[in-house]
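Observations on chain architecture
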Amino acid sequence: MTQQTPPPPAAPRLSLIEKASLTSGAGDFVTTAAPEAGIPAVTMSDGPHGLRLPKESGDGGQVDLHSAAPATCYPPAVALGSSWDPELAHRVAGALADEAASHGVRVLLGPGINIKRSPLCGRNFEYFSEDPLLTAEMGGAMVRGLQESGVGAALKHYAANNQETDRMRVSADVDERPLREIYLRAFERIVRRDRPWSVMCSYNAVNGTLLSENSRLLTGILRTEWGFDGVVMSDWGAVRDRVAALRAGLDLQMPGTHGRTDAEVVAAVRAGELDESVLDTSVERLALFARRADEGVRADEGVRNGPRMSADEHHHLAGEAADRCVVLLRNERDILPLDPSGGSVAVIGELARTPRYQGAGSSQVTPTRLDTPLDELRELADGARVDFAPGYPAPGGEVAETAGALADEAVRLAAACDTVVVFLGLSAADESEGFDRAHIDLPEGQILLLERLVAANPRVVAVLSNGGVVRTAPWHATVPALVEGWLLGQAGGGALARVLFGSVNPSGKLAETVPLRLEDSPSHLSFPGEEGRVRYGEGVFVGYRGYDAAAREVAFPFGHGLSYTSFAYSGLRAERDGDAFSVSVTVTNTGRRPGREVVQIYSTGPAGSTVARPPRELRGFVSVNLAPGESREVAVVIPRGELAYYSARESAWRVEGGDYGIEAGSSSRDIRGSAVISVEGDPSGVALSGRSTIAEWLDHPVGGPLLMERFMAARAAAGAAAGAMENPTMARFLSGMPLEVVAEFPQSPVGPEGVAELTALAAAGTPAGDA
Ligand code: BGC
């Protein structure tokens, strides 16, 4: 809305010390104002799935993390990501903006769009997916939803912040291709398309340089390549050297340091170590940031005396969102949904009464209210009897004897009821910001309880509450139904009850793979690193890209999620549409209930790629709501450029020419239709030389025919070596050799003196800029 406004010439009107002070916070969550230059303070708040309202107390502007005022707790990103519904994320973000603005908060610290590299990352609950496209679509929708309502986003944590172990110091050592294709890709897409007001730099280093001092990432890539015009703020405490940070492109140190580091900036300018223009540039960006925030405030004036939506409406939206996030992993013999009108249900597990609905750390919200699955099941039951036994102690209350007695009571109840719904999951002590998990198993006591329940009554429905994936493989085949409830926010209890009793047909899909074992995860051997460095050894093979490439069985694949109805796919078509491909497929609801299907479009190939390619990569998705018997054609557009890989050698995205497969799937391992598209490649950006191999020469549009001509001419002259290209083994042998080496062979079609001539001819025949 206010994005294109040019920055005012604020810097010249301010003294050096005033300018320095603008580039650090005035308090924990507020920027410094310069009223005389028309720069108001900007109040910020965590983020990302609810407002952690800053309650500044006393003169220090300190924030009490434990007494945040109530705000709606929406489903955290782990859940929202499973909705595969950007429109929903957009609405949730609009509601977050509404609450934020009504409290004077102008920037929400989120969304967090880091990639789930390992299932162990303690903060995976705050991130959307292991896939960059899904992450970008969900995160970008949140940015738009916030900013269209006049509240800025702080896209975080830039970049490669994929673990909590040693997070303030560790260097993520990642090659250029995975950096671009996996870890920066969602940032790039959102920065270019959705124009966030700010980006928050992460604590860690990338390839040895702390993000807060990383001019390549903060300036070279973010601003120069992607055109970012907003403010880069530090994560809280991420600045080590304030002057180096400013120089690298970090505009705002958060939180403030009561002037200590401002003085360092002033001293550096006076000593000639920091060019004042660097400071001026940051001040101009901060002035624009403050102005965007201020325009948001003024747009609100006269419209509101408090939120536009009531607390009830916020809660309702949180529930509607949660409905779409639940993932039905397994449903043998259609044991679900349960009949609300009769029979008896044993609800077991303390988590049904004391739900876990968000993760621990800076994103923790004090909810306005909290629905529990147990109450909501009782509320929805319309004749069915709902009995409860806690089964295991609440976290913190772990006493062996109590656990035994609680389990005995639960088993008795299970045996006496028609169906058992057991709530299993992790506690805040198992996963949180600030540390990683050591394993992905459920607590042992819960697994033992589950075994006893299944023995007492085989009709068991397991419901999971967890922020990071848990291992289900040892036991999931023993339960006919398994529901992944993630952390669903304050209204999640109602959503679970609605799914269990069938008033909501589940439609979430996994945004991350559930492996059979932790050891199968692609990053396993290099997570979380050692001695301050973590090597991203799996390269681009993150998540399903890696499980697929290694042909590993998984418990539940990326994109998986069942429904109470069934969908058939037909008539997949993929057609060229300008510089894009339009993929369409017809989906039919072949079951008896209305439902939503998330159609996933993957690409494969091309055959003979010169780089290692994941077997399939998500290129688009679309949801469709269908009544029983209804069919609809859905379409996804894939720009040709989306098929590119990042060439480290050429420092550029490059589309390889060739045949690519296009697949429509109900999950990444449930492909329902495929087609082939023929894609025109980008010309190589690498100029041919004597060091180029025979294969590279032959691949080149100009060099190839030139060299082939020489081979044919030499063959006509009946040289033995000249016929080499017709002998497949010889051709393969030669193809990996640089031309200048082959040129030394006796009877070579090109002699040593011919290499330079051929190189010049190839360069001359290649359109400018292509070679
Ligand atoms: C977290 C950020 C958060 C900030 C402010 C940091 O520790 O990494 O995500 O926004 O604190 O609370």
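Residues numbered from 1 in each chain as written. Predicted model: local features only at pLDDT ≥ 70, side-chain atom pairs only at ≥ 80, totals over all residues. Heavy atoms only, no water.

1. Description of the overall build of the protein chain
- Each helix and strand in the protein chain was counted, giving 22 helices and 28 strands.
- What you see for the protein chain is a C-alpha radius of gyration of 29 Å, in line with the 28 Å of a compact globule of 771 residues.
- Its C-alpha atoms give the protein chain principal-axis dimensions of roughly 95 × 70 × 50 Å.
- A separation threshold of at least 6 residues defines the contact pool for the protein chain, and within that pool the share at least 24 residues apart is 76%.
- Surface exposure of the protein chain reaches about 28200 Å², of which carbon and sulfur atoms provide 51%. (Helix = DSSP H or I, 4+ residues; strand = E, 2+ residues; numbered from the N terminus. Rg over C-alpha atoms; globule rule 2.2 N^0.38 Å. Contact = heavy atoms within 4.5 Å. Areas by Shrake-Rupley, 256 points an atom, 1.4 Å probe, with all protein chains shown as cover.)

2. With respect to the site of the ligand
- Lining the immediate surroundings of the ligand are 14 residues, of which Asp46, Arg123, His157, Tyr203 and Asp235 lie closest.
- In this structure, an oxygen atom belonging to the ligand sits 3.1 Å away from a side-chain N or O atom of Arg52.
- At 2.7 Å, a side-chain N or O of His157 approaches an oxygen atom of the ligand.
- The fraction of the free accessible surface of the ligand (310 Å²) that becomes covered by protein chains is 94%. (Near = heavy atom within 4 Å. Polar contact = N/O pair within 3.5 Å; in protein donor to acceptor, adjacent residues only side chain to side chain.)

3. Quick word on the domain arrangement of the protein chain
- Taken as a whole, the protein chain is organised into domain 1 (16-49 + 86-303), domain 2 (318-556), domain 3 (567-679) and domain 4 (694-764).
- Listed by partner, the interface residues are 46 residues for domain 1 and 44 residues for domain 2.
- In total, domain 1 and domain 2 occlude about 3800 Å² of area from one another, counting both sides; carbon and sulfur atoms represent 53% of this.
- Joining domain 1 to domain 2, the criterion identifies 8 salt bridges.
- Seen at the junction of domain 1 and domain 2, the total is 35 residue pairs in polar contact (both at pLDDT 80 or more).
- Elements with a minimum of two residues in the side of domain 1 that touches domain 2: helix 3 (86-102), helix 4 (132-147), strand 6 (171-173) and helix 5 (176-183).
- If you tally residues by element for the side of domain 1 that touches domain 2, the top one is helix 5, at 5 residues.
- For the side of domain 1 that touches domain 2, the class distribution of residues is 18 nonpolar, 12 polar and 16 charged. (Domains from an automatic or database assignment. Buried area = accessible area lost by both parts, 1.4 Å probe. Salt bridge = Lys/Arg side-chain N within 4 Å of Asp/Glu carboxyl O. Nonpolar A, V, L, I, M, F, W, Y, C, P; charged D, E, K, R; others polar.)

4. Section: the pattern of salt bridges
- Considering all chains together, one arrives at 61 salt bridges under this definition.
- The partner of Glu433 in a salt bridge is Arg167, and the shortest N-O contact between them spans 3.0 Å. Of the two residues, Glu433 is situated in the loop between strand 14 (419-425) and helix 15 (444-456) and Arg167 in the loop between strand 5 (152-158) and strand 6; the sequence distance between them amounts to 266 residues.
- Residues participating in the shared-partner salt-bridge network are Glu137, Arg144, Arg185, Arg189, Arg193, Asp194 and Glu642.

5. Focus on helix 15
- In this model helix 15 runs 19 Å from its N-terminal to its C-terminal C-alpha over 13 residues, within 8% of the 18 Å that 1.5 Å per residue would give.
- If you check which residues of helix 15 are buried, you get Gln446, Leu449, Leu450, Leu453 and Val454. Within helix 15, the buried residues cover an arc of 135 degrees as seen down the axis, which keeps them to one side. Away from its buried face, by an angle of more than 90 degrees, helix 15 presents the exposed residues Glu444, Glu451 and Ala455. (Expected span 1.5 Å × (residues − 1). Buried < 20%, exposed > 50% of the residue type's maximum accessible area, 1.4 Å probe, protein only. Arc of directions from axis to C-beta.)

6. Side note on the sheet that holds strand 24 (residues 631-639)
- Taken together, the 3 strands give an open sheet; going across it, the order is 20-21-24, and neighbouring strands pair in antiparallel fashion. Strand pairing shows two members of the sheet lacking a second neighbour, strand 20 (567-577) and strand 24, which therefore form its edges. Between one strand axis and the next, the sheet turns by 20 degrees as a mean value, whatever way the strands run.
- Strand direction decides the pairing type here: strand 20 and strand 21 (residues 580-589), joined by 9 bridges, are antiparallel. Its bridge partner lying in strand 21, Asp577 is registered against Ala580. (Pairing = 2+ DSSP bridges. Axes fitted to C-alpha atoms, helices over the stretch in contact; angles between N-to-C directions.)

7. Brief notes about the packing of helix 4 against helix 6 (residues 185-194)
- Between helix 4 and helix 6, the shortest axis-to-axis distance is 9 Å and the interhelical angle comes to 35 degrees. Handedness of the crossing formed by helix 4 with helix 6: right-handed. The segment helix 4 lies against helix 6, with Pro132, Leu133, Thr135, Ala136, Glu137, Gly139, Gly140, Val143, Arg144 and Gln147 engaging Arg185, Ala186, Arg189, Ile190, Arg193 and Asp194.
- For the contact of helix 4 with helix 6, the class distribution of residues is 6 nonpolar, 4 polar and 6 charged. (Left-handed = near helix turned anticlockwise from the far one by under 90°.)

8. Quick notes on the sheet that holds strand 6
- With respect to topology, 4 strands assemble into an open sheet ordered 9-8-6-18, the strand pairing being mixed. Each edge of the sheet is formed by a strand with only one pairing partner; in this case those strands are strand 9 (209-210) and strand 18 (533-535).
- Bridging between strand 6 and strand 8 (residues 205-206) involves 2 bridges; their strand directions are parallel. Of the residues in strand 8, the one forming a bridge with Ala172 is Val206.

9. What about the nonpolar core?
- Core analysis: the biggest nonpolar cluster contains 149 residues, and Tyr158, Ile348 and Phe423 have the highest contact counts within it.
- Ranked by the residues each element gives to this core, the list is headed by helix 3, at 9 residues.
- Excluding its chain neighbours within four sequence positions, the residues that come into contact with Tyr158 are Leu184, Phe187, Val199, Met200, Cys201, Ser202, Leu211, Leu217, Leu218, Ile221, Leu222 and Trp226. (Core = buried A, V, L, I, M, F, W, Y, C linked by side-chain atoms within 4.5 Å.)

10. Considering helix 11 (residues 311-325)
- Along its 15 residues, helix 11 runs 21 Å from first to last C-alpha, staying within 8% of the 21 Å computed at 1.5 Å per residue.
- Within the sequence span of helix 11, burial applies to His314, His315, Leu317, Ala318, Gly319, Ala321, Ala322, Asp323 and Cys325.
- Residues of helix 11 that are buried in the fold lie against helix 2 (77-83), helix 3, strand 11 (327-331) and helix 16 (492-501).

11. Remarks on the state of the cysteines
- Per the stated rule, a full pass over the model turns up 0 disulfides.
- Free cysteine Cys73: the closest other cysteine sulfur is in Cys325, separated by 12 Å.
- Exposure remark for Cys73: the relative accessible area of 0% places this residue in the buried category.
- For the unlinked cysteine Cys121, the closest cysteine sulfur is that of Cys201, found at 17 Å.
- Assessed through its relative accessible area of 2%, Cys121 is described here as buried. (Disulfide = S-S within 2.5 Å.)

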